[in-house]
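Residues per chain are reported as follows:
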Amino acid sequence: MPSPDLRSDAGLASELRAGVMRLRRRLAAERHPDNDLSIPQMVVLGLLVRMGDQTVGDLARAERVQPPSMTRTVNCLEGDGYVERRPHDTDGRQVVVSITDAGRAAVLADRQRRDAWLAQRLAGLTREERAALRDAAPILMRLAAAD
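To start, this report covers the structure provided alongside it. (Residues numbered from 1 in each chain as written. Predicted model: local features only at pLDDT ≥ 70, side-chain atom pairs only at ≥ 80, totals over all residues. Heavy atoms only, no water.)

### Digging into helix H1 (residues 9–29)
Think of an α-helix as 3.6 residues a turn; residues three or four steps apart then line up on the same face.
Working step 1: If you check H1, its first and last C-alpha atoms are 30 Å apart, about what 21 residues at 1.5 Å a residue would give, namely 30 Å.
Working step 2: As for H1, its buried residues are in contact with helix H5 (101–123). (Helix = DSSP H or I, 4+ residues; strand = E, 2+ residues; numbered from the N terminus. Expected span 1.5 Å × (residues − 1). Contact = heavy atoms within 4.5 Å.)

### As for the packing of helix H3 (residues 56–63) against helix H4 (residues 67–79)
Helix packing for two helices is described by the angle between their axes and how far apart those axes are.
Working step 1: At a closest axis distance of 9 Å, the pairing of H3 and H4 adopts a crossing angle of 110°. Overall, the two elements H3 and H4 adopt an arrangement that is roughly perpendicular. Viewed along their axes, H3 and H4 form a crossing whose handedness is right-handed. Across the interface between the two elements, Val56, Leu59, Ala60 and Glu63 from H3 touch Pro67, Met70, Thr71 and Val74 from H4.
Working step 2: Of the residues in the contact of H3 with H4, the class split is six nonpolar, one polar and one charged. (Axes fitted to C-alpha atoms, helices over the stretch in contact; angles between N-to-C directions. Parallel < 35°, antiparallel > 145°, perpendicular 65-115°, else oblique. Left-handed = near helix turned anticlockwise from the far one by under 90°. Nonpolar A, V, L, I, M, F, W, Y, C, P; charged D, E, K, R; others polar.)

### A word on the nonpolar core
Working step 1: With 18 residues, the main nonpolar core has Leu45 and Leu59 as its most contacted residues.
Working step 2: Examining the composition of this core, we find that five residues originate from one element, helix H2 (residues 39–51), more than from any other. (Core = buried A, V, L, I, M, F, W, Y, C linked by side-chain atoms within 4.5 Å. Buried < 20%, exposed > 50% of the residue type's maximum accessible area, 1.4 Å probe, protein only.)

### Some details on H4
Working step 1: The terminal C-alpha atoms of H4, which comprises 13 residues, lie 18 Å apart, in line with the 18 Å expected from a rise of 1.5 Å per residue.
Working step 2: The positive-phi residue at the C-terminal boundary of H4 is Gly81, with phi of around 85°.

### Concerning the layout of surface pockets
Working step 1: In this structure, the largest pocket spans a volume of roughly 2200 Å³.
Working step 2: Forming the boundary of the largest pocket are 42 residues, of which Val20, Leu23, Arg24, Leu27 and Met141 lie nearest the centre.
Working step 3: Listing elements by their share of the lining of the largest pocket, those giving two or more residues are H1, H2, H3, H5 and helix H6 (127–145).
Working step 4: For the lining of the largest pocket, the leading source of residues is H6, giving eleven residues.
Working step 5: For the lining of the largest pocket, the class distribution of residues is 25 nonpolar, two polar and 15 charged. (1 Å grid on protein atoms, 1.4 Å probe; cavity = no way out; pocket = protein on both sides within 12 Å on 5 of 7 lines; lining within 4 Å. Points joined across faces, edges and corners; volume = space filled by probe spheres on them.)

Just geometry here; none of it tells us what the structure is for.
Here is the structure:
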């Protein structure tokens, strides 16, 4: 299959999609060997590390899943000691989810391993390629955050 024309938005979109998906799969393969958590569970723990305590509804909205699905994920994480729940300060119908030390340690160990793998790969690039990725990183974050 010929490479897409990167001068067109459609060609750039196709190549970028393929590259981002391959990198995501490769980073997923670099998970910490002691980590038996699912990707959705790791995402929830990562959200709690980045955003602090959240309600189940907040977590569901952040991940664009239904609250019952997020409740199941939080239940598993709570059962394994990675998160804790407490009553919401002002809304008795809600609970607030917070990450435990074990949850934080799991996220940090996993990130450290993946970051080390990626840093090693980046070291093999030219200075110009690293500069291009440095410029692209915030743009990719904006694309990922767009609704």
